Structure formats: structure tokens, C-alpha cells
Amino acid sequence: MISINNLSYYLGSRPLYENASLHIKPGQKIGLIGLNGTGKSTLLRLIVGEYQADGGSISKAGDVTLGFLNQDLLSYQTDDSILSVAMQAFERQNALQKKIDELLHEMEVNYHDDLVDKLGKVQMEFEALDGYTIQSRAEEILEGLGFSTDDLQKPLRQFSGGWRMRVMLAKLLLQKPSLLMLDEPTNHLDLPSIKWVEKYVQSYEGAVLVVSHDREFLDNVVDTIVEVSGAKLNYYPGNYSFYLEEKALRNEIQQGAWENQQAKIRQTERFIERFKAKATKAKQAQSRVKMLEKMELVDAVIDENARVNFRFNFSTQPGRHILHLEDVSKAYGPKRILTHTDARLERGDKVALIGANGRGKSTLLRIIAGTEPTDGQRRLGHNVLFSFYAQHQLESLNVEDNMVDELKSANPTKTEGELRSVLGCFLFSGDDVFKKIKVLSGGEKSRVALAKVLLSQSNFLLLDEPTNHLDMQSVNILIQALQQYEGTYVVVSHDRYFVSQIANKIWYIEDEQIKEYPGTYDEYEWWMEEKRGLQGSPGSQGEKAAPAIPATPARSTPATPATDSDRKEWQRALKRATQQAGEAEEKIEQLEARKKKLEAELADPATYGDDKLTQAKNDEYHRVTTQLTQLQDQWEEMMLEAEELEKKLA
């Protein structure tokens, strides 16, 4: 379909590509990966013809059509509705619809048989192109990407860059090109929309070439990985997990070959040095010199998996209770975000705040930080020192500072060597650390800002989309830093792999309440699937279900009809489970009330005047907490059992 042969492309004297080759086959799903700056986006622009190669060729079959989603589309603006913009994908159908309208208008004033014939032919072609379904198809994709029905008639100009990018993606998906090229499509999508796009791309009939740093997305979507490294396109026939295993194997083989060759070179050089001056051996020595000159050298393996070798400490240990939000409400005009909700954070909580855009995740972070006015109470615990990272805070970096000085401002106690070590963890090395902030790219500024937050000695971190604009290596660095961080944090992220590595609790906003799942993201996903009976929508956390991708129904064996005896047994079991769940609920309410009272007593300084009383209160608090956790688990099992029985009886 598309053949790239011996491609060369230079930025000044630096080769981005040198004799690189790749063949893209029909229907192939390729993930294009590599460090930032290696030329991934450049390759897409070379394929589409925006850039011209310095050497080699890119050839396409005559019937190949290209669709290219790139970051430049963020700046596109128009007063047309987003539905109209998406429907621009149907050029022929739109032209036919215009012709039909013109013919109908003409027939109102000048009716004759020729017009009827023309109208019939145009309508026939319009119907053959599924013209009567184009609006519903556009609406389905836009709503799948997170737009509400009311949004569809709003002008594109009213939406932010990220939402405009979604409209451009919808238009591209509706065009159905032979090769769909997507440059970081998940950067501007929330979790439900990412899952929806995954399903769409999985069922897409054409080929896909996607640049992404989202490991989970690549694992779920692509069947081939192409890595840009060493100015070459390295091909791996599998998803991202396969690539990691295969690359480790290739590196092991290459490292062995390099070590063997280096040993042979050293041995040959010793022979030359020893015998080059002896007349009887001079000819043989010269022969070895020529052999070395002609030898095709094996490259040493470059370890691209940077490791954090710096501990991010804080000087002030906080109390047990980090944060308490009590009876908090927040609204923007008629749009309610939170209504009389509570939330608590304890020391050591590592919370990922997930869910659809527009639910109030960033608003909640600002409420926690105290920068967003709200009804209700926000209380920070004893000795809690927090730092807040968000994309807009990149603007607070001093553009005239170099990177070392900027980090010094966050922690003056660190030496230059220690600060350079931290910058090394975030992939800045050598003289690069003395670059001024104003010359850095958006991704580089993000890494500097993250390093500042981690150096701030805060014991409580708030991080809003910290992985945006980071490549996989940088995300891995951040994961390692957060895994060794001993404080508390709340992180907003749509990167599922990142969240699965750094969180021990999941928060989500549902029904205007802050809700918590006390476990990892993988456990949360399993729990949500169980909750939906393994048949739920692609969305999660109670979001509006995205339109399903049409799929071929699987054949199923008819279930054996339930007998009257079965149904009576199920009814008895349902009654028993419901009764037990009700009793458990009453006990849970009693224990929660007791726990709340004990917390108030333990927060009272008077309690600590009596050591025996303090110990008794602490022991009772731990006992109540343990009983409460066990009872909540039992209640959840009873409710799941009741749901299953209700399904059987339905």
C-alpha cells in the first residue's frame, strides 16, 4: 500500500532518518514509538507530503487515501457548528444534498418531467452513498468522543483546543481514509473517549499509523510496533508488550555480538602492536590492519531505560490526617459539580482521580489546594505542606533562569551536583542543564516543573495531568519517582498504565459526589466490570455510555430454561441476601457513627492527658476500622449476589 525505501531526512547536519525503510500493508495497525525528538511526527508529514525527503522514496498505490490528525489542527476555528464541521467529511454526499435541495426548489416554480428524472438520479446516487445516514453517523462519533447532544449545534469557535481536536478526529474517522495517521490522539481525550476510540480503531477496516506514548492504548490497538531509533525504523510484529520482550532479546543478542567483536578487535590490535616492527610478521600485521578497517562494527546497546537514582525527601512529617473535605458543594451557574460531599485523605494515600472530562476533576484539585471558592469546609492536617502541578503553572517558571537555577529556587539546600542529578533523572544531561527556560519545548518545561514539585520537600502533592507531553521514558521516570515518594498525593490522569503503577486508591465523581474505591486501578477496573455484569458500556465511573461500535453478533447456544423449582430457590436466596445486606447496612451505619465519634475524641487534646485513655481509644478505633472494612466487603458480596439473582429472575 505504502512503501518507504532508503529514506533519508536531515535537520541541519543531524540525520533524523538515514536509509530507513518500512512497508505499510492494507489493514495494518502500526504504533510508531521513540524518544521525543527522534522524528516520529516528521515521518507522518513526510508520508503526507508536507515535507520532502533528502534521499530515498515514499511511494503509494494509486487508490490510497490519507487522513492525518496532527497538533496543528488545534488552532482551527470557525463559526460553523461542530456537527457541520464533522459532516464536511462527506464531500460528495453534501454536494448531492445541495443539488437535491436546488432541484426541489426549482420544481416548486417550474415543474416538468426532466427535473423529475434528474431528481431521481441524484437521489439514487445519494441513497447509494448512504446519504440519509450521514448526520446520524456524525452524531454517533461526536457523542462517542464525549460531546453531549446539546453541544452538536454549538460553533466550533466556542470550544477549547482539545475539544476542537476531537471534532477534527471525528471528521477524519468519518472520511475513512485508506491510511489513518494519528499523532498523539489520546493527549486530548478523557478515559471514556480513549476507550471508545480504541474500539473504533480496532474495528477500522483501513490501515492505521499512530504516534502515541500511551502504552495501554498501543497494547489494545496495534498489531505492529515501529521504533524510531538510530535514524532507522525498527520493525516489531506485535503490540507494545511484545515489543518490550522482543527488544530485550534483541539487545541481549546485540550486546553479546558487540562484546565478542570488541574482544576480537582488542586481540587483533595487540597482535598488530606486537609484530608490526618484525620483518617476518610485518605482512601479517598489515593484513590484520586492513581487516580491522573493513570490519563492519556492531553498535553497542544504548540503555534508554533511565533510572531514578535520587530520593525525593521532605523535611516535615505530617500528621495522620492529611485532608478533610466536609459538606462541600460547587457549581458554575446552573451546572452543579459537587453537592454536599465529603472526602478524607490519610497519610500515605496515593490517589488517582479519574473519569470523564467535565466532571470536575481539575476543579476538585483546586478545591483541595484552596484556590477554588466553594461551599463547605476544607481542612488540612497538622504539618501538611503541599505543592500543586498543573499545565497552566508552566507559565510560572522564570523564563530567564537556566534549569539548575530554577530547581535551586524550589530547594536552596541542594548542591549544584544534586540538582544536576535530579535533572539527569528527567533526561537533561551535560551542558543542557544550563539552557534557559525560554528556549525549552513544552515537554521539556513540563519535566522541569515536575522536578521542581518533587524537589519542593512538600509532603502532599497535587498533580493535574502530569504525563501530558511526556514520552514513555519520561513517564517511566515519573512513575519511579512517585513510587519511591513517601508522602501523599492526588493525581489526575487518563493514562491507564501510569495510574495502575502509582495509585493505591481510586477517586471518581459520580452523582455530584466524590466516591472512592480502596484499591489499585486494575482492581477498580475488575470491580466496575463485575458491577456492570461484564456487559456494561465502554464508559466508566457512571459516565454517559458512548455509542457502541457495531459488531458481528456471536452465535450462542440457547440457555436451558429455568424450572419452577429453580426460580423458587432463587427467590428464597434473593430474599435472604437482601435481608442480610439490610442488616449489614444498619451495622455499617452504627460503626461509621462510632468511628466518627472516636476520630473527634482522638483529635481533642484533652484525650492525650490520660495515657491509658489514649491507648484505649486508639485500640477501639483500630478495632472499629477493621470491623467496618470487613463488614463493607461482606455487604458488597451480598449486593453482588442479589444482583446476579435478580438477573436470573428477570
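**Student:** What should I look at first to understand the sheet that holds strand S6 (residues 179-183) in this one?
**Tutor:** In sheet architecture, strand pairing relies on hydrogen bonds along the backbone and comes in two forms, parallel and antiparallel. Strand order in this open sheet of six strands is S5-S6-S7-S3-S8-S9, and the pairing throughout is mixed. Either end of the sheet is taken by a strand with one partner, and the two such strands are strand S5 (66-69) and strand S9 (232-236). The sheet shows a mean angle of 20° between the axes of neighbouring strands, direction not considered. Contacts from helix H1 (residues 40-48) reach strand S3 (29-33), S5, S6, strand S7 (207-211), strand S8 (224-229) and S9, with the element oriented near 150° to S6.

**Student:** Which parts of the structure should I look at to understand the nonpolar core?
**Tutor:** The nonpolar side chains of a soluble globular protein tend to be buried with one another. In terms of nonpolar packing, the biggest core is built from 49 residues, with Phe426, Leu482, Phe498, Ile506 and Tyr524 touching the most fellow members. A per-element tally of this core places helix H14 (residues 442-455) first, with seven residues. Ignoring sequence-local partners within four residues, the contact set of isoleucine 506 consists of Ala352, Ile354, Val499, Lys515, Glu516, Tyr517, Gly519, Thr520, Tyr521 and Tyr524. Core analysis: the second largest hydrophobic core is formed by 46 residues, Ala138, Phe159, Val167 and Val222 among them.

**Student:** Where do I start with the pattern of salt bridges in this structure?
**Tutor:** Oppositely charged side chains may form a pair once their charged atoms are brought near each other. Under the counting rule described, the total for this entry stands at 22 salt bridges. We note a salt bridge from lysine 505 to aspartate 349, for which the minimum N-O separation is 3.3 Å. Placement of lysine 505 in strand S17 (residues 505-510) and of aspartate 349 in the loop between strand S11 (335-346) and strand S12 (350-354) is noted, with a sequence separation of 156 residues between them. Each member of the pair, lysine 505 together with aspartate 349, is buried. In this structure, glutamate 620 engages arginine 594 in a salt bridge whose closest nitrogen and oxygen atoms are separated by 2.8 Å. Here glutamate 620, found in helix H19 (residues 611-649), pairs with arginine 594, found in helix H18 (residues 564-602); they are 26 residues apart in sequence, far enough to count as distant.

**Student:** Please explain the pairing of S9 as it appears in this structure.
**Tutor:** Each regular strand displays side chains that alternate between the two surfaces of the sheet. The pairing of S8 with S9 spans five bridges and is antiparallel. Looking at the pairing, valine 226 lines up with tyrosine 235 of S9. In sequence, S8 turns back onto S9 through a hairpin of two residues, with glycine 230 there showing a positive phi of about 60°.

**Student:** For this particular structure, what's the right way to read the packing of aromatic side chains?
**Tutor:** In this description, an aromatic ring pair is defined by two values, namely the gap between the centres and the angle between the planes. For the structure shown, the criterion picks out 14 aromatic pairs. On the basis of an interplanar angle of 35° and a centroid distance of 6.1 Å, the ring pair of tyrosine 521 and tyrosine 524 is categorised as tilted. Residue tyrosine 521 and its partner tyrosine 524 are both found in helix H17 (residues 521-531); the two are separated by three residues, about one turn of the helix. Through pairs of rings, three or more aromatic residues link up here, namely Tyr508, Tyr517, Tyr521, Tyr524 and Trp527. The ring of tryptophan 163 carries arginine 166 above its face, with NZ or CZ at 4.0 Å from the centroid.

**Student:** Even after reading the chapter, I still don't get unusual backbone geometry, so can you show me in this structure?
**Tutor:** Phi is mostly negative for residues that are not glycine, and the peptide bonds are mostly trans. In this model, asparagine 19 sits at a positive phi of 55°, which is unusual for a non-glycine residue. Turning to its location among the elements, asparagine 19 is positioned in strand S2 (residues 14-24). In this structure, alanine 231 is a non-glycine residue whose phi angle is positive, near 65°. With a relative accessible area of 12%, alanine 231 lands in the buried category.

**Student:** Just to check I follow, could you spell out H1 for this structure?
**Tutor:** In an α-helix there are 3.6 residues to a turn, and that puts residues three or four apart on one side. Judged by how many residues are buried, H1 sits mostly within the fold: seven of nine residues are covered. Listed as buried for H1 are Lys40, Thr42, Leu43, Leu44, Arg45, Leu46 and Ile47.

**Student:** Whenever I open this one, the sheet that holds strand S1 (residues 2-11) confuses me. Can you help?
**Tutor:** On the basis of which strands lie adjacent, the open sheet formed by three strands has the order S2-S1-S4 and antiparallel pairing. The open sheet is flanked by S2 and strand S4 (55-60), the only strands paired with a single partner. Averaged over all neighbouring strand pairs, the angle between strand axes comes to 25°, with direction disregarded. Judged from the seven bridges that link them, S1 and S2 form a sheet pairing that is antiparallel. Following the sheet pairing, tyrosine 10 is matched in S2 by proline 15.

Reading the values: rules and limits
- Numbers given for residues are sequential positions, taken from 1 along each chain in its written order.
- pLDDT decides what is reported in this predicted model: residues at 70 or higher carry local features, side-chain atom pairs at 80 or more are listed and counted, and totals for whole chains, interfaces and linings draw on all residues regardless.
- The side-chain values count all of the structure's non-hydrogen atoms but skip hydrogen atoms and water molecules.
- We call two strands paired when DSSP finds no fewer than two bridges between them.
- Runs of E in the DSSP output that reach at least two residues are strands. Runs of H or I that reach at least four are helices, and both are numbered from the N terminus.
- Helix axes are fitted to C-alpha atoms over the stretch in contact, other axes to C-alpha atoms as well, and angles between N-to-C directions run from 0 to 180 degrees.
- Residues are treated as being in contact if the distance between any of their heavy atoms lies within 4.5 Å.
- We define a nonpolar core as any set of buried Ala, Val, Leu, Ile, Met, Phe, Trp, Tyr and Cys residues linked to one another through side-chain atoms lying within 4.5 Å.
- For each residue, the accessible area found with a 1.4 Å probe, counting protein chains only, is set against the maximum for its type, and the residue is called buried under 20%, exposed over 50%, and partly exposed in between.
- The term salt bridge refers to a pairing of a side-chain nitrogen on Lys or Arg with a carboxyl oxygen on Asp or Glu at a separation within 4 Å.
- Two aromatic rings from Phe, Tyr or Trp, using only the six-membered ring of Trp, form a pair when their centres are within 6.5 Å; if the ring planes differ by under 30 degrees the pair is stacked, by over 60 it is edge-to-face, and anything between is tilted.
- In this analysis the charged atom, NZ for Lys or CZ for Arg, is taken to sit over a ring once it is within 6 Å of the ring centre and within 35 degrees of the ring normal.

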